[in-house]
Amino acid sequence: MAPRCFLAALLLAATAAHGQVYRPCESQRNTLELNDCAKIEFDSAEQLLNQAYRQVLDAMPKQAEDGVDYPAARRLLVQGQRAWVAFRKNDCEAIYKVNENGSIRNVRYHGCMTERTLQRIKELKAWNAP
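The rules behind each value
Residues numbered from 1 in each chain as written. Predicted model: local features only at pLDDT ≥ 70, side-chain atom pairs only at ≥ 80, totals over all residues. Heavy atoms only, no water. Disulfide = S-S within 2.5 Å. Helix = DSSP H or I, 4+ residues; strand = E, 2+ residues; numbered from the N terminus. Buried < 20%, exposed > 50% of the residue type's maximum accessible area, 1.4 Å probe, protein only. Core = buried A, V, L, I, M, F, W, Y, C linked by side-chain atoms within 4.5 Å. Contact = heavy atoms within 4.5 Å. Expected span 1.5 Å × (residues − 1). Axes fitted to C-alpha atoms, helices over the stretch in contact; angles between N-to-C directions. Parallel < 35°, antiparallel > 145°, perpendicular 65-115°, else oblique. Left-handed = near helix turned anticlockwise from the far one by under 90°. Phe/Tyr/Trp six-rings, centres within 6.5 Å; stacked < 30°, edge-to-face > 60°.

J.: In this structure, what is going on with the state of the cysteines? I would like to understand it.
T.: Covalent bonding between the sulfur atoms of two cysteines is what defines a disulfide. Under the criterion given, the structure shown has one disulfide. Linked covalently through their sulfurs, cysteine 92 and cysteine 112 form a disulfide whose S-S length is 2.0 Å. Torsion about the S-S bond of the cysteine 92 and cysteine 112 cystine: about -80°, corresponding to left-handed handedness. On the criterion of sequence distance, the pair formed by cysteine 92 in helix H3 (residues 70-98) and cysteine 112 in helix H4 (residues 105-127) is long-range, its members being 20 residues apart. According to the relative accessible area criterion, cysteine 92 is buried, its value standing at 0%.

J.: Looking at this structure, I do not really get the nonpolar core. What am I missing?
T.: Across soluble globular proteins, nonpolar side chains show a tendency to be buried alongside one another. If you look at the biggest cluster of nonpolar residues, it comprises 10 residues: Leu49, Ala52, Tyr53, Val56, Leu57, Met60, Leu77, Trp84, Ile121 and Leu124. For this core, the secondary structure elements donating two or more residues are helix H2 (31-59), H3 and H4. With five residues, H2 is the single largest residue contributor to this core. Beyond its immediate chain neighbours, meaning those up to four positions away, tyrosine 53 contacts Leu77, Val78, Gln81 and Leu124.

J.: How should H4 be read in this particular structure?
T.: Structural remark: α-helix, 3.6 residues per turn; residues separated by three or four positions point the same way. Its 23 residues place the ends of H4 34 Å apart at the C-alpha level, agreeing with the 33 Å of an ideal helix rising 1.5 Å per residue. Along H4, the residues that are buried comprise Tyr109, His110, Cys112, Met113, Thr114, Thr117, Arg120, Ile121 and Leu124. If you follow the buried residues of H4, they end up packed against H2 and H3.

J.: Mind showing me how you'd approach the packing of H2 against H3 here?
T.: What describes two packed helices is the angle between their axes and the distance between those same axes. Between H2 and H3, the least distance of the axes is 11 Å, while the angle of their chain directions is 165°. Viewed along their axes, H2 and H3 adopt a mutual orientation that is roughly antiparallel. The way H2 lies across H3 gives a crossing that is right-handed. Touching Phe42, Glu46, Leu49, Tyr53, Val56 and Leu57 of H2 are Arg74, Leu77, Val78, Gln81, Trp84 and Arg88, all from H3.

J.: It is not clear to me how H3 should be interpreted in this structure. Could you clarify?
T.: Here H3 contains 29 residues, and its C-alpha end-to-end distance of 42 Å stays within 8% of the 42 Å for a straight helix at 1.5 Å per residue. Of the positions making up H3, those classed as buried are Ala72, Arg74, Leu77, Gln81, Trp84, Arg88 and Cys92. Looking at the buried side of H3, the elements it contacts are H2 and H4.

J.: Whenever I open this one, the packing of aromatic side chains confuses me. Can you help?
T.: To describe a pair of aromatic rings, you give the distance between the ring centres and the angle between the ring planes. Inspection of the entire model under this criterion finds one aromatic pair. Each ring, one from tyrosine 96 and one from tyrosine 109, has its centre 6.1 Å from the other, and the planes form 85°; the classification is edge-to-face. Here tyrosine 96 is found in helix H3, whereas its partner tyrosine 109 is found in helix H4, with 13 residues between them in sequence. With a relative accessible area of 18%, tyrosine 109 lands in the buried category.

J.: It is not clear to me how the environment of alanine 45 should be interpreted in this structure. Could you clarify?
T.: Turning to its location among the elements, alanine 45 is positioned in helix H2. What makes alanine 45 buried here is its relative accessible area of 4%. With 71 residues separating them along the chain, alanine 45 and arginine 116 place their C-alpha atoms 9.6 Å apart. Dropping the residues within four chain positions of it, alanine 45 is found in contact with Thr114, Thr117, Leu118 and Ile121.

That's the geometry; what it means functionally is another story.
What follows is the structure, given as structure tokens:
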């Protein structure tokens, strides 16, 4: 990994840990730098998504309680997440396809993936909101 992108990844991880959003793809000078940063941004968002998803599952009881069928809810959440992953992939691949003849295609694809991922994180965090 190039030193500049490694630094961007560290900054992204540090600011994400504090609830801030660092956007490393705003001052890059060429297509390679934009592609690298867009990928770093998506990878970081994906890690946060996995954490949010795990938190929802971990907070949900594994057995029925108070008349709530939590095992069924867990199964449905897992099915929903898998369907959402397929949706995100197809939705963003359509954006890639529209841009596949241009140098912006990877930035647009990873931007889409990041945007959809950040939205899903908000949705998952709402599960555990009081």
